[in-house]
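Listed here are the chains, written in short residue letters.
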Amino acid sequence: MTKIESELIRRWLNGWTVARSLPEAEPVESAGDGLRSKCDQPGREIEVFALRADEEPASLARLAAAVATARQTTWLTVPTLRPGTVETVVGAAGLELIHRSEWFMTTNLTEHPQHAPTAPYEREVRTEGPVTVVSLHASSGEVAARGTIAVVGADAIADRIETDAAHRRRGLGRAMMSALAKAAVAQGARTGLLIASEEGQRLYSSLNWRHEADVLIARGPVVPSNR
């Protein structure tokens, strides 16, 4: 494979916005093949996602230039099989590279390994519409781990998978992903999609998630908010 398919990125983005209750992403006007999402996070108000960075470097250059001149602080996320080229392009546009080692990953959810949490942890599963939130609670009642998955058609997008530092290395990540996969399959999902941090890559790989592409994340100039 020489490129990541733009349709796969679109499918992930559709589910990611659902998982975070964000508006549907919109095309970036006059700036190449990208989609723009309103994230409404402090310092990360807008995020642009490149769809065809490997196919058309010129398109990526236009997106990077748009991010560099945006009126709000804007981030650029680029799934790619050519990270070196992407790094050069975003650097030339004056963007700050924040993450260079994240992964775009997929899996067949119907074959996802299943692991239950060990005592004294208990699992809570809450489903509201297409979104399921799984929490693992310690005996004290505190949330030791939490994760979200959103189902859109036959896809399920896992997001915000977190384990508290005091409860790591106890198999909670495996139990969390097992519960999320099971809930998604029950809603008709077959393909799992996610973007993995460096910390999460070993976990997901051990559960048969496949690396499809690297993901580079850059930020444009910080724009002071009006007061």
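Use the structure listed above.
Given the structure is predicted, the values throughout are model-derived calculations rather than measurements. (Residues numbered from 1 in each chain as written. Predicted model: local features only at pLDDT ≥ 70, side-chain atom pairs only at ≥ 80, totals over all residues. Heavy atoms only, no water.)

Enquirer: Before we move on, could you go through the overall build of the protein and cite the residues and values that matter?
Expert: A tally of helices and strands in the protein yields 5 helices and 11 strands. For the protein, the C-alpha radius of gyration of 18 Å lies close to 17 Å, the compact-globule estimate for 227 residues. Here the C-alpha coordinates of the protein stretch approximately 50 × 45 × 30 Å along the principal axes. Looking at the protein as a whole, 45% of its 227 residues qualify as buried. Relative to all contacts within the protein whose residues are 6 or more apart in sequence, the contacts with residues 24 or more apart total 66%. (Helix = DSSP H or I, 4+ residues; strand = E, 2+ residues; numbered from the N terminus. Rg over C-alpha atoms; globule rule 2.2 N^0.38 Å. Buried < 20%, exposed > 50% of the residue type's maximum accessible area, 1.4 Å probe, protein only. Contact = heavy atoms within 4.5 Å.)

Enquirer: Can you tell me about the sheet that holds strand β7 (residues 131-137), naming the residues and giving the values?
Expert: One open sheet holds the 11 strands; their spatial order is β1-β2-β3-β4-β11-β5-β10-β9-β8-β7-β6, and the pairing between them is mixed. Strand pairing shows two members of the sheet lacking a second neighbour, β1 (26-27) and β6 (122-128), which therefore form its edges. Here strand β2 (residues 34-41) runs beside strand β3 (residues 44-50); their pairing, made up of 6 bridges, is antiparallel. Within β3, the position partnered with Ser-37 by the bridge is Glu-47. Sitting on the sheet, helix α4 (residues 172-186) touches β6, β7, β8 (143-152), β9 (155-163) and β10 (191-196), and the angle it makes with β8 is about 25°. Across the face of the sheet, helix α5 (residues 198-206) comes into contact with β5 (96-108), β9 and β10 while running at roughly 15° to β5. (Pairing = 2+ DSSP bridges. Axes fitted to C-alpha atoms, helices over the stretch in contact; angles between N-to-C directions.)

Enquirer: Describe in detail the nonpolar core, supporting the description with residues and values.
Expert: Counting 26 residues, the largest nonpolar core has Leu-109, Ala-156, Met-177, Ala-184, Leu-194, Tyr-204 and Trp-209 as its most contacted members. The set of elements that each furnish at least two residues to this core consists of β7, β8, β9, α4 and β10. No other element matches the 8 residues that α4 contributes to this core. Those residues in contact with Leu-194 that sit more than four places away from it in its chain are Trp-12, Trp-103, Phe-104, Met-105, Ala-158, Met-177, Tyr-204 and Trp-209. Core analysis: the second largest hydrophobic core is formed by 19 residues, Trp-16, Ala-25, Val-215 and Ile-217 among them. (Core = buried A, V, L, I, M, F, W, Y, C linked by side-chain atoms within 4.5 Å.)

Enquirer: Report on the pairing of strand β11 (residues 210-219), specifying residues and quantitative values.
Expert: Of all 10 residues that make up β11, 7 are buried, and the element is covered over most of its length. Bridge analysis of strand β4 (residues 74-80) against β11 gives 6 bridges, and the strand direction is antiparallel. Counterpart to Thr-77 in the pairing with β11 is Ile-217. Relative to β11, β5 runs antiparallel, the two sharing 8 bridges. Across the sheet, the residue bridging to Met-105 is His-211, located in β11.

Enquirer: Can you explain the packing of aromatic side chains? Please cite residues and give values.
Expert: A full pass over the atoms with the stated rule returns 4 aromatic pairs. On the basis of an interplanar angle of 25° and a centroid distance of 5.5 Å, the ring pair of Trp-12 and Trp-16 is categorised as stacked. In this pair, Trp-12 and Trp-16 both sit in helix α1 (residues 6-19), 4 residues apart, roughly one turn of the helix. For the pair shown, Trp-12 and Trp-16 are each scored as buried. An aromatic cluster of three or more residues is present, and its members are Trp-12, Trp-16 and Phe-49. The side chain of Arg-44 reaches across the aromatic face of Trp-75, ending 3.9 Å from its centre. (Phe/Tyr/Trp six-rings, centres within 6.5 Å; stacked < 30°, edge-to-face > 60°. Lys NZ or Arg CZ within 6 Å of the ring centre and 35° of its normal.)

Enquirer: So what about the side chain of Asp-54? Which residues, and what values?
Expert: Here Asp-54 shows up in the loop between β3 and α2 (57-68). Only 2.8 Å separates the side chain of Asp-54 from the backbone nitrogen of Leu-81, close enough to count as a polar contact. (Polar contact = N/O pair within 3.5 Å; in protein donor to acceptor, adjacent residues only side chain to side chain.)

Enquirer: Now, about the pairing of β3: what can you tell me, with residues and values included?
Expert: A large share of β3 lies buried, amounting to 6 of its 7 residues. Between β2 and β3, which pair antiparallel and follow one another directly, the connecting turn spans 2 residues, one of which, Gly-43, has a positive phi of 80°. For β3 and β4, the ladder comprises 4 bridges, and the chain directions are parallel. Paired with Glu-47 across the bridge in β4 is Trp-75.

Note that all results are geometric; they support no functional claim without further evidence.
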